[in-house]
Amino acid sequence: MIPLPQGLPLYACPDHEERDGHVHEHSKRAVPSAPLTPPSRPLEWGDVNIIHTTDSHGWLLGHQKTSFPEPNYSGDFGDFSSFVAHMKELAIQRDVDLLLVDTGDLHDGTGLSDGFPPGGVDAHDSNQFFKELPYDVLAIGNHELYIYANTLDMHTNFVPQFNGRYLSQMLTLLVPVGSEGRQVTAFGVLFDFTGNDKNTTVQKVEDMVKEQWFAEAIKEEPDFFLLTGHMPVARDNWPFVFNTIRAVHPTTPILILGGHTHIRDCLQLDGRSMALESGRYMETVGWLSAKLDKKGSKKNITFSRRYLDPNRVTYEFHTGKKFNFDTSLGKQITQGLNNLAKKFDLSFLFGTAPRDFTLTQAPYPSNNSLLSLFIGNATPTALAINNTRASIPNIIIANSGSQRFDIYSGPFTKNDQLTASPFTDAFFLPALNNAGADERRSLDALEERERELYSRGYVGKRYREWLREMDRRASFERRAAKNLTLGYVTSDACPGVGDDTLHAPWNSILLPISLVKSSSSIGRHTVDLVFVDFIESQLLGILNGIQENKTILLLGLYAQIAWN
């Protein structure tokens, strides 16, 4: 995380020096700049229905900015709790089953998860609100595994709450579901993640399905298999699990809930299965339904899926509870979230952003690019503070994935800082001689390391490719004719229209994986090469590859005094 120091285009609050009398209240939600568009049609119910969340990353207070598409996602977790309660009532009235499923990544994303005081644990407090909801199945995400203290906290203080329904790759669960008492075999799966911390182990999906316990777990046929996991439904390893089950049970319905790449996506591996991925940051609530038939049937099952915008207009539309929507638990959760925001001082005002700085809507480099603000202004300025090497020419390299969210015009708070840049990355310094400086262009090889970065959890490139494709499909004429508000416009591999609410996509710019900032006076001098620790192994490998008969060693933290 890079704090934004003075001198950047973020205007200071006049009474910033005087905390007494300074307003530090965290409002529940901002008023949208335009009315919210209601859903286009009712949900399609089946015999089995699933509400799906994934990659929430601490976004439990909703999106509170007024610039679209933010108001589309303005519902907080209290609103979501009320929605789930009313949907459960509707399921009882319809005499059908309704499951609530989450597929991981509760950590790293907003002040609610990351704004804890010294000595705290990431997401420990925000996760208490997850425990209030009646989740039937949950799966672990890679962000639960980066730091051992977070993993241990989940194991000790979170997982026991769900009585065996929080799944890792090594667990299975037989779940008696709903009014029909259906038998479900559920698995929790994680993609082939390599960035986990010490004392944790991630088994490859390909190896998991070869285990004897897995063969034993799928021997008996349930009413359907529920495969949950922090793994994208496309371009990953779900086929290993799916095909292993299909070899034993060729016609048993299989429902897959994925995650990780932050996109809305759906596909069917055959006519008796459906796989759904439901976005990120509580910008999407997924809906999957299936009309089951008798065991042994070979006919295609009727499925439906929908991507809901999480806001009160959506929730009230689908529950029919416009005037009595809030439940007592929902109101308690909303109040608790605001109390936590106040406890963490998330509304502390650093200054005012004069305009929007976006990740994908503005080209990089440009004045409206958040990446330009980060690598061109914030990072050099911050690293020069209390740094005895500040006068030495340098090259600074960071990964674009370190910046996670846009900064919008208006007040720039502690929560905005943690939302835009949630990671506490360290910057390191190796030795780099003249020859290395001459070979700066070879750093383009970082672009070829996407597979390694992906295995460590980097999904920014895939998400942005998806946004680019979304933008490419929509013509200017279509946007102008329908006069729609900005939002997700999804095209997936499942039948029909998936988006619950119709929108126009925003412009999306292709961004680099790596960001480079060079001093203006490098010439042929010996320079400092400063880089973020997340790309350490890749970068040192590249540097050692371009310098013959030399081994580059890591010298240590750069600007250590400033960060301490």
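Anything mentioned here points back to the structure above.
Bear in mind the structure is a predicted one, so any value in this text is a computation, not a measurement.

A.B. asks: Sorry, what's going on with the overall build of the chain here?
C.D. replies: Broken down by element type, the chain carries 17 helices and 19 strands. Counting every position in the chain, which comprises 564 residues, the buried fraction comes to 57%. Sequence separation of at least 24 residues holds for 79% of the intrachain contacts in the chain that already meet a minimum separation of 6. Surface summary for the chain: the accessible area is close to 23600 Å², and the carbon and sulfur share equals 51%.

A.B. asks: So what exactly am I meant to see when it comes to the pattern of salt bridges here?
C.D. replies: Where charged atoms from two side chains of opposite charge approach closely, those side chains can pair. All chains considered together, the criterion is met by 21 salt bridges. Note that Arg165 and Asp136 form a salt bridge whose closest N and O atoms lie 3.9 Å from each other. One end of the pair, Arg165, is in the loop between α4 (148-158) and β4 (166-167); the other, Asp136, is in the loop between α3 (127-130) and β3 (137-139), with 29 residues separating them in the sequence.

A.B. asks: Honestly, the nonpolar core in this entry has me stumped. Any pointers?
C.D. replies: In globular proteins that are soluble, nonpolar side chains generally tend to be buried together. In this structure, Ile51, Phe77, Phe80, Phe83, Tyr135, Leu227 and Val241 are the most contacted members of the largest nonpolar core, which totals 69 residues. Examining the composition of this core, we find that six residues originate from one element, helix α1 (residues 77-94), more than from any other. Counting residues in hydrophobic clusters, the runner-up holds 35 residues, among them Ile395, Tyr458, Leu515 and Ile535.

A.B. asks: I tried to follow the packing of aromatic side chains on my own but got confused; where do I start?
C.D. replies: Aromatic rings considered in pairs are described by the distance between their centres and by the relative angle of their planes. Counted under the stated rule, the structure contains 26 aromatic pairs. Relative to Phe80, the ring of Phe77 has its centre 5.5 Å away and its plane inclined at 35°; by these criteria the two rings are tilted. Here Phe77 and its partner Phe80 are both found in helix α1, three residues apart, which amounts to about one turn of the helix. On the basis of relative accessible area, Phe80 is assigned to the buried category, the value being 0%. Ring-pair connections join several aromatic residues into one group, and the members of that group are Phe77, Phe80, Phe83, Phe130, Tyr135, Tyr315 and Phe325. Above the face of the Tyr454 ring, Arg462 is positioned so that its terminal group lies 4.1 Å from the ring centre.

A.B. asks: Before we go on, may I ask you to explain α4 in this structure?
C.D. replies: Given 3.6 residues per helical turn, the α-helix brings residues three or four places apart onto the same face. When α4 is considered as a whole, its buried residues turn out to be Asn150, Thr151, Asp153, Met154 and Phe158. Seen from one end, α4 has its buried residues packed into an arc of 160°, which puts them on one side. Elements in contact with the buried residues of α4: α3, β3 and β4.

A.B. asks: Sorry if this is basic, but what is going on with the state of the cysteines here?
C.D. replies: Throughout this description, disulfide means a covalent bond between two cysteine sulfur atoms. Taken as a whole, this structure holds one disulfide when the rule is applied. Across the disulfide from Cys266 sits Cys494; the S-S distance is 2.0 Å. An S-S torsion of about -80° defines the bridge between Cys266 and Cys494 as left-handed. On the criterion of sequence distance, the pair formed by Cys266 in strand β9 (residues 264-267) and Cys494 in the loop between α15 (476-482) and β17 (514-518) is long-range, its members being 228 residues apart.

A.B. asks: It is not clear to me how the pairing of strand β18 (residues 528-532) should be interpreted in this structure. Could you clarify?
C.D. replies: For a regular strand, the rule is simple: side chains alternate between the two faces of the sheet. For β18, a buried count of five out of five residues is recorded, marking the element as mostly surrounded by other parts of the structure. Burial of the side chains of β18 extends over both faces: Asp528, Val530 and Val532 are buried on one face and Leu529 and Phe531 on the other. Note: strand β14 (residues 394-399) against β18, four bridges, orientation parallel. Looking at the pairing, Ile396 lines up with Val530 of β18.

A.B. asks: Looking at this structure, how should I read the sheet that holds strand β2 (residues 97-102)?
C.D. replies: Backbone-to-backbone hydrogen bonds pair the strands of a sheet. The strands run either parallel or antiparallel. Taken together, the six strands give an open sheet; going across it, the order is β4-β3-β2-β1-β11-β12, and neighbouring strands pair in mixed fashion. Every interior strand has two partners, whereas the edge strands, β4 and β12 (302-308), have only one. Lying over the sheet, α1 contacts β1 (48-53), β2, β11 (285-291) and β12, oriented at roughly 155° with respect to β2.

A.B. asks: Looking at this structure, how should I read the side chain of Asp406?
C.D. replies: Among the structural elements, Asp406 can be located in the loop between β14 and β15 (410-413). Of the side chains with opposite charge, Arg280 lies nearest to the buried Asp406, which makes no salt bridge, at 6.4 Å. A polar contact of 2.7 Å, which involves the side chain of Asp406, links it to the backbone nitrogen of Leu359. Of the polar contacts made by the side chain of Asp406, one reaches the side chain of Tyr408; its length is 3.4 Å. Those residues within four positions of Asp406 in sequence are excluded, and the remaining contacts are Phe357, Thr358, Leu359, Gln361 and Leu370.

A.B. asks: I keep staring at the packing of α1 against helix α9 (residues 328-343) and nothing clicks. Help me out?
C.D. replies: Packed helices, taken two at a time, are described by their axes: the angle between them and the distance between them. Running from N to C, α1 and α9 cross one another at 165°; their axes reach a closest spacing of 7 Å. Taken together, the axes of α1 and α9 lie roughly antiparallel to each other. Note that α1 runs across α9; the crossing there is right-handed. Across the interface between the two elements, Phe77, Gly78, Asp79, Ser81 and Ser82 of α1 pack against Leu329, Gly330, Ile333, Thr334 and Leu337 of α9. Classifying every residue of the contact of α1 with α9 by side-chain character gives four nonpolar, five polar and one charged.

A.B. asks: How should the pairing of strand β6 (residues 182-190) be read in this particular structure?
C.D. replies: Buried residues dominate β6, accounting for eight of its nine residues. In terms of strand pairing, β6 meets strand β7 (residues 224-230) through seven bridges, oriented parallel. Bridged to Val189 within β7 is Gly229.

A.B. asks: What am I meant to see in the side chain of Glu70 here?
C.D. replies: Along the polypeptide, Glu70 turns up in the loop between β1 and α1. Arg280 provides the closest opposite charge to the buried, salt-bridge-free Glu70, at an N-O distance of 6.5 Å. A distance of 2.8 Å separates a polar atom in the side chain of Glu70 from a polar atom in the side chain of His63. Here Glu70 is in contact with His63, Lys65, Phe405 and Tyr408, once residues within four sequence places are set aside.

A.B. asks: How should I be thinking about the packing of α1 against helix α8 (residues 312-319) in this particular structure?
C.D. replies: Packing of α1 against α8 brings their axes to within 10 Å, and their N-to-C directions diverge by 10°. It follows that α1 is roughly parallel to α8 by the angle criterion. Residues Asp79, Phe80, Phe83, His86, Met87 and Leu90 of α1 pack against Arg312, Tyr315, His318 and Thr319 of α8. Each residue belonging to the contact of α1 with α8 can be placed in one class, and the counts come to five nonpolar, three polar and two charged.

A.B. asks: Whenever I open this one, the environment of Ala362 confuses me. Can you help?
C.D. replies: Within the element layout of this structure, Ala362 appears in the loop between β13 (349-353) and α10 (370-383). Exposure remark for Ala362: the relative accessible area of 8% places this residue in the buried category. Residues Ala362 and Ser508, spaced 146 residues apart in sequence, show a C-alpha to C-alpha distance of 7.6 Å. Residue contacts for Ala362: discarding those within four places in its chain leaves Asn368, Ser369 and Ile509.

A.B. asks: Whenever I open this one, α8 confuses me. Can you help?
C.D. replies: Taken residue by residue, α8 has Thr314, Tyr315, Glu316, His318 and Thr319 as its buried positions. Two or three places before Val313, at the start of α8, stands the capping residue Asn311, its side-chain oxygen 3.0 Å from that residue's backbone nitrogen. Gly320 sits one or two residues past α8 and shows a positive phi near 70°.

Parameters and conventions
- Residues numbered from 1 in each chain as written.
- Predicted model: local features only at pLDDT ≥ 70, side-chain atom pairs only at ≥ 80, totals over all residues.
- Heavy atoms only, no water.
- Helix = DSSP H or I, 4+ residues; strand = E, 2+ residues; numbered from the N terminus.
- Buried < 20%, exposed > 50% of the residue type's maximum accessible area, 1.4 Å probe, protein only.
- Contact = heavy atoms within 4.5 Å.
- Areas by Shrake-Rupley, 256 points an atom, 1.4 Å probe, with all protein chains shown as cover.
- Salt bridge = Lys/Arg side-chain N within 4 Å of Asp/Glu carboxyl O.
- Core = buried A, V, L, I, M, F, W, Y, C linked by side-chain atoms within 4.5 Å.
- Phe/Tyr/Trp six-rings, centres within 6.5 Å; stacked < 30°, edge-to-face > 60°.
- Lys NZ or Arg CZ within 6 Å of the ring centre and 35° of its normal.
- Arc of directions from axis to C-beta.
- Disulfide = S-S within 2.5 Å.
- Pairing = 2+ DSSP bridges.
- Axes fitted to C-alpha atoms, helices over the stretch in contact; angles between N-to-C directions.
- Lys, Arg positive; Asp, Glu negative; His and termini not counted.
- Polar contact = N/O pair within 3.5 Å; in protein donor to acceptor, adjacent residues only side chain to side chain.
- Parallel < 35°, antiparallel > 145°, perpendicular 65-115°, else oblique.
- Left-handed = near helix turned anticlockwise from the far one by under 90°.
- Nonpolar A, V, L, I, M, F, W, Y, C, P; charged D, E, K, R; others polar.

This is a description of form; function is not addressed.
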